[in-house]
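Per-entry structural report
Take a look at the letters that make up each chain.
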Amino acid sequence: MPNSQEPPAQPGGMTLRNLMDSGDSQIDWLIESVIPRGGAVEMFGRPGSRKTFLGMQFMVSVVTGQPFLGKYAALHPGNAIFVQAELTDSELRHRFAPLALAYPEILDRIYMPHGMYGGVDDPRKWALIDRMTKELRPEIALFDPLSLMMSGDPNQQKDMLKLIKLLNTLRFEYGTT
């Protein structure tokens, strides 16, 4: 097709040109250049590779408004929900102790529902998370580890899709990252 011709209409879609010409390309960042507000982030790594620590740092930055890792601005300070299904309460206290000492304001702004092991896809457990999210309007929610947040097999697409659909309700209904 010669360059002077218009491309054919795209039923139910658009061309890349239409997309690029359609509006602002600015991203509303939760943590500047790291996490888009209302986005989804998934971290992978070997056990012990500090994924939980990194997620805790995300939450602390958002709750306190302090730059993430001292470098990336937290642009929308707010509450956090930490849904945790792996560590005991003692292990959580141990991990949070240095952060709580450095940033005492996190003590009343990071919320943790109990009993989440074995599946937030259980309607009773999800109802608690949904209610907390509706009431607290957190900017960020951390689910750790994701593989223990479901009653099905994390390697099966149908089981994982059920969980992803639930998590997306937090993003699309409440704007939670």
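Preceding this paragraph is the structure being described.
Residues numbered from 1 in each chain as written. Predicted model: local features only at pLDDT ≥ 70, side-chain atom pairs only at ≥ 80, totals over all residues. Heavy atoms only, no water.

Next up on the list: the overall build of the protein. The helix and strand tally for the protein stands at 5 helices and 5 strands. The linear arrangement of helices and strands in the protein, starting from the amino end, is α-β-β-α-β-α-β-α-β-α. Each principal axis of the C-alpha atoms in the protein carries an extent, and together these give about 70 × 40 × 35 Å. Across the 177 residues that make up the protein, the buried fraction comes to 37%. In the protein, of all internal contacts separated by at least 6 residues, the share reaching a separation of at least 24 is 66%. (Helix = DSSP H or I, 4+ residues; strand = E, 2+ residues; numbered from the N terminus. Buried < 20%, exposed > 50% of the residue type's maximum accessible area, 1.4 Å probe, protein only. Contact = heavy atoms within 4.5 Å.)

In this structure, the amide linkage connecting aspartate 144 to the following residue, proline 145, adopts the cis form with an omega of -15°. Note on placement: proline 145 falls in the loop between strand S5 (140-144) and helix H5 (157-174). For arginine 50, which is not a glycine, the phi torsion comes out positive at approximately 80°. Here arginine 50 shows up in the loop between strand S2 (35-36) and helix H2 (51-64). The exposed category is assigned to arginine 50, whose relative accessible area is 55%.

The next subject is the pairing of strand S3 (residues 80-84). Across the 5 residues of S3, 5 count as buried, placing the element largely inside the fold. Of the two faces of S3, both are covered, the one formed by Ala80, Phe82 and Gln84 as well as the one formed by Ile81 and Val83. In terms of strand pairing, S3 meets strand S4 (residues 110-111) through 2 bridges, oriented parallel. Among the inter-strand pairings, isoleucine 81 is bridged to a residue of S4, identified as tyrosine 111. (Pairing = 2+ DSSP bridges.)

Moving on: H5. Since the α-helix packs 3.6 residues into each turn, any two residues three or four apart lie on the same face. Its 18 residues give H5 an end-to-end C-alpha distance of 25 Å, which sits within 8% of 26 Å, the value for a rise of 1.5 Å per residue. Among the residues making up H5, those that are buried are Asp159, Met160, Leu163, Leu166, Leu167, Leu170 and Tyr174. Those residues of H5 that are buried are in contact with helix H4 (123-136) and S5. Once H5 ends, the next one or two residues include glycine 175, with phi positive near 75°. (Expected span 1.5 Å × (residues − 1).)

Below, the discussion takes up the sheet that holds S3. Read across the open sheet, the 3 strands follow the order S4-S3-S5; overall the sheet is parallel. The open sheet has two edge strands with one neighbour each: S4 and S5. Across the sheet, H2 lies against S3, S4 and S5, angled at about 165° from S5, the strand it touches most. (Axes fitted to C-alpha atoms, helices over the stretch in contact; angles between N-to-C directions.)

With that settled, the discussion passes to H4. In a regular helix each residue adds 1.5 Å, so 14 residues correspond to 20 Å; H4 covers 20 Å between its end C-alpha atoms and thus fits that length. Turning to H4, its buried residues are Lys125, Trp126, Ile129, Asp130, Met132 and Thr133. For H4, the angular spread of buried residues about the axis comes to 160°, placing them on one side. Facing away from the buried side of H4 by over 90 degrees, the exposed positions are Pro123, Arg124 and Glu135. On its buried face, H4 sits against S3, S4, S5 and H5. Of the residues flanking the start of H4, the one acting as N-cap is aspartate 122, its side-chain oxygen 2.8 Å from the backbone nitrogen of arginine 124. (Arc of directions from axis to C-beta. Polar contact = N/O pair within 3.5 Å; in protein donor to acceptor, adjacent residues only side chain to side chain.)

The next subject is the pattern of salt bridges. All chains considered together, the criterion is met by 3 salt bridges. Close ionic contact of aspartate 28 with arginine 37 constitutes a salt bridge, the shortest N to O distance being 3.6 Å. Owing to a relative accessible area of 41%, aspartate 28 belongs among the partly exposed residues under this scheme. You can call arginine 37 partly exposed: its relative accessible area is 34%. (Salt bridge = Lys/Arg side-chain N within 4 Å of Asp/Glu carboxyl O.)

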